[in-house]
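These are the residues of each chain, in order.
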Amino acid sequence: MTALQIIFLIAAAATLISGLMVVTARNLVHAALWLIAALFSVAILFVLLEAGFLAAVQVVLYIGAIAILIIFAIMLTRRVMQDTGPQTNQQWWVGAIIAVALFAALFVVLQQVVYPEVTTAIPPDSLKALGNSFVDPNQYMLPFELASVLLLAAMIGAIAVAGDKK
Amino acid sequence: MIPLSWYLTLAAALFCVGLYGVLARKNAVAILMGIELMLNAVNINLVAFWHYLTPAVSSGQMFAIVVFAVAAAEAAVGLALIISIYRRRQSVVAEEMDLMKW
Amino acid sequence: MDFLKDPVAFIAKVLSDLLAAFLPAPVVSVLLLIVGVVVVASFSLVLPLFLIWFERRVVGYMQDRLGPNRVGPEGLLQTIADAIKLMIKEDITPYGADKVVYNISPVLAVIAVISMWAVVPFAHNIIGTDLNVGALYIVSVGSLGTLAIMLGGWASNNKYALLGAFRTVAQLVSYEVPMILSLLVPVLLARSMGLNDIVKAQDVWFIFLAPVAAFIFFTTSVAEVGRTPFDLLEAESEIVAGFHIEYSGMKFGMFFVAEFLHAFTVGALTAVLFLGGWRGPGAETYPLLGVVYFMIKAFGGYFFVILMRAALPRIRIDHMLDLNWKFLTPLALGAIVVIALADKAMEPWLQTLQPGIAPWARGGVLLLANLLLVLVTYLLLSNSARRMRRAAERGASGGDGAGHHDEHHEEAPAAPAHGEAHTAPAH
């Protein structure tokens, strides 16, 4: 058991436990806090996968923007300060069966795959290569531009849907 | 060395946890939180495949970044819709949004 | 290995030799890592003791009075006395507050600020960790502080704290946008996101290459901290002191420490990104000299933050958001485009110059480009201000019932005037 494996097991346990608490917490704001813990654990996993840029973007984007947006939405859409009553609908057991069955099927498939042995190391300037791939017309410039148009459309749509119409 | 199968199993488990959250929760914002968990599971998968199979090409990281952008856009619009629904119906319980059926 | 040439490696070697006698090697390396983390965190936690005294004395002198000067020599122990007072206060948790969140939020605020110090370069080989995405890391842990404030405001079970937290988060999230955009400019000029690389690339300080970006970064970072003139959210005369109304004792002390440390971090980051960090005569051979230069520049930045606090009035929340979205963000985008175009277009010409003159030539051309941008911005703003003034005069002379229209038009020129007032001091 190398040190990296121990760190992976701790981060994976944190992610799964936080995820389980997200979907079972009664108090919605607590669920949002567990979501933040889960997102932070995923950022740690990105660091283990030597994708430091993605880890930083994960924290900025998910925790610094999306999680705060979710907490705002929770606080703006509740009638009383405390949450009462069960938070699951009547068919929750069907959902549980489906989730467990899907995980069992995926686990069986993953055990039977023959994983290829790849020995190419990550190039030292992978960050520069990533930046180049954003703006190189032969690589991913078009998805980059489309992603920005998508974000613009989402911004305009959100303002149009939720804006105060006086 | 962490085997690739560990990452994939973790991503599958997180995806199934998010799926349970989407299927079993009443509150619309809680459903959105389940969707975010599923998107994160997909991202873990993508970056793990990039790291273990094709580290020299940046497609894996690029795909993960596009997923980030899509998740942000979807969270923004989804929460705007939820707030708009709350203003009209004073409730965000998903079961009560049944106006289109008589 | 010389202590003067490489202090960190020297101390690490001494410690590891000491510990290797009775501990296995992997445990020794983990222990050294922990010692490094503790040193960085302790430095950034002990510093506010001095910073708070410094600020209170300087603000006092600016306001024509003495600051604290009784407790200890020249009042240096005043902060310790205040800390003891805060620690022995009663630890109140409001009725109905969410205990876990209420207690975590001040700790999270301090964590967010201390974590920023992990990537700040004190010298070319004294740095917590030389991340290659250091600039982005700083933004990411800054957003954790925003989260802490939101949680603190909600957990207090108090309508006014919640309102204050909403306004605070609106301000902080809005001002992150021009901060990230202006942070992109030194990254662009240094061709790397690592903070040590940015410092090493400053043959000419970046504040001369990109004064607009320096101004925007400094202003938005001060807004991120929540200092005057952007401290609407926690000023005593505003909505009952904002999000930390229900906090007393050491919990409030932690918010307090986090704010002062963040203000100093703003000065330190401005020094690293725009004022050349640890660079100075002799800093490459003697890293401790680099530390001295860095601290002088960081305190200079912090002094400027204090000067802004003592001299400027508070901005109203709608003016503040107008300033951000209608002035700072387009200006930051324009600055990035202008500087990127100028830098790339100059590259072939710079190759033909001698290596000694090339940085200064680059600096001169970029400075001209920046001044051009400032001129264009000023002309645009003065045109729009003139148009609004004409409309207001026409409205005043046109009818008697247009009295309240006048007020509206009078306020609108105030926003560009604020913008101009902010453009003026940096040039």
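Computed from a predicted model, the values in this text were never measured in an experiment. (Residues numbered from 1 in each chain as written. Chains lettered and ligands numbered in written order. Predicted model: local features only at pLDDT ≥ 70, side-chain atom pairs only at ≥ 80, totals over all residues. Heavy atoms only, no water.)

### As for empty space enclosed by the protein
Residue and element names in this part refer to chain C.
Item 1. All chains considered together, the criterion is met by four cavities of 30 Å³ or more.
Item 2. Reported here for the largest cavity is a volume of approximately 160 Å³.
Item 3. Met 116, Ile 138, Met 179, His 262 and Leu 269 are the residues nearest the centre of the largest cavity, which is lined by 17 residues in total.
Item 4. Secondary structure elements with two or more residues in the lining of the largest cavity: α5 (134–155), α6 (159–190), α9 (211–225) and α10 (250–274).
Item 5. If you tally residues by element for the lining of the largest cavity, the top one is α5, at five residues.
Item 6. Its residues assigned to classes, the lining of the largest cavity comprises eleven nonpolar, four polar and two charged. (1 Å grid on protein atoms, 1.4 Å probe; cavity = no way out; pocket = protein on both sides within 12 Å on 5 of 7 lines; lining within 4 Å. Points joined across faces, edges and corners; volume = space filled by probe spheres on them. Helix = DSSP H or I, 4+ residues; strand = E, 2+ residues; numbered from the N terminus. Nonpolar A, V, L, I, M, F, W, Y, C, P; charged D, E, K, R; others polar.)

### Quick notes on the interface of chain C and chain A
Item 1. The interface of chain C with chain A comprises 21 residues on the first partner and 23 residues on the second.
Item 2. Seen at the junction of chain C and chain A, the total is zero salt bridges.
Item 3. Taken together, the connections running from chain C to chain A amount to zero residue pairs in polar contact (both at pLDDT 80 or more).
Item 4. Sorting the residues of the side of chain C that touches chain A by element identifies α5 and α6 of chain C as the ones contributing at least two each.
Item 5. Looking at which element gives the most residues to the side of chain C that touches chain A, the answer is α5(C), with ten residues.
Item 6. Class assignment for the residues of the side of chain C that touches chain A results in 13 nonpolar, six polar and two charged. (Contact = heavy atoms within 4.5 Å. Salt bridge = Lys/Arg side-chain N within 4 Å of Asp/Glu carboxyl O. Polar contact = N/O pair within 3.5 Å; in protein donor to acceptor, adjacent residues only side chain to side chain.)

### Quick notes on the packing of helix α2 (residues 25–62) of chain C against α10(C)
Residues and elements named next belong to chain C.
Item 1. Where α2 contacts α10, the axes come no closer than 9 Å and their chain directions differ by 85 degrees. What the angle tells us is that α2 and α10 run roughly perpendicular. Contacts between α2 and α10 involve Ser 44, Leu 47, Pro 48, Leu 51, Ile 52 and Glu 55 from the former and Phe 256, Val 257, Phe 260, Leu 261 and Phe 264 from the latter. (Axes fitted to C-alpha atoms, helices over the stretch in contact; angles between N-to-C directions. Parallel < 35°, antiparallel > 145°, perpendicular 65-115°, else oblique.)

### Describing the domain arrangement of chain C
All names here are of chain C.
Item 1. When the domains of chain C are assigned, the result is domain 1 (87–315) and domain 2 (317–427).
Item 2. In this assembly, 28 residues from domain 1 lie in contact with 32 residues from domain 2.
Item 3. Between domain 1 and domain 2, the buried area comes to about 2800 Å², and carbon and sulfur atoms account for 78% of it.
Item 4. On inspection of domain 1 and its partner domain 2, the count reaches two salt bridges.
Item 5. Note that Asp 343 and Arg 191 form a salt bridge whose closest N and O atoms lie 2.9 Å from each other.
Item 6. Those elements that place two or more of their residues in the side of domain 1 that touches domain 2 are α6, α8 (206–209) and α9.
Item 7. Here the side of domain 1 that touches domain 2 takes twelve residues from α6, the largest share from any one element.
Item 8. Taken together, the residues of the side of domain 1 that touches domain 2 break down into 21 nonpolar, four polar and three charged. (Domains from an automatic or database assignment. Buried area = accessible area lost by both parts, 1.4 Å probe.)

### A short note on the packing of aromatic side chains
Residues and elements named next belong to chain C.
Item 1. For the structure on display, the rule yields 28 aromatic pairs over all chains.
Item 2. An angle of 55 degrees between the planes, with centres 5.0 Å apart, marks the rings of Phe 264 and Phe 299 as tilted. You can see Phe 264 sitting in helix α10 and its partner Phe 299 sitting in helix α11 (residues 287–311), a full 35 residues away along the chain.
Item 3. On the basis of relative accessibility, which here comes to 17%, the residue Phe 299 falls in the buried class. (Phe/Tyr/Trp six-rings, centres within 6.5 Å; stacked < 30°, edge-to-face > 60°. Buried < 20%, exposed > 50% of the residue type's maximum accessible area, 1.4 Å probe, protein only.)

### Section: the pattern of salt bridges
Residue and element names in this part refer to chain C.
Item 1. Enumeration according to the criterion identifies twelve salt bridges over all chains in this entry.
Item 2. Residues Asp 322 and Lys 326 are paired through a salt bridge, measuring 3.4 Å at the closest nitrogen-oxygen approach. Placement of the pair is Asp 322 and Lys 326 together in helix α12 (residues 317–351), with a separation of four residues, close to one helical turn.
Item 3. On the accessibility criterion, Asp 322 (28% relative accessible area) is partly exposed.
Item 4. The exposed category is assigned to Lys 326, whose relative accessible area is 63%.
Item 5. Here Lys 344 makes a salt bridge to Glu 347, at a shortest N to O gap of 3.8 Å. You can see Lys 344 and its partner Glu 347 sitting in helix α12, three residues apart, about one turn around the helix.
Item 6. Since its relative accessible area comes to 56%, Lys 344 is described here as exposed.

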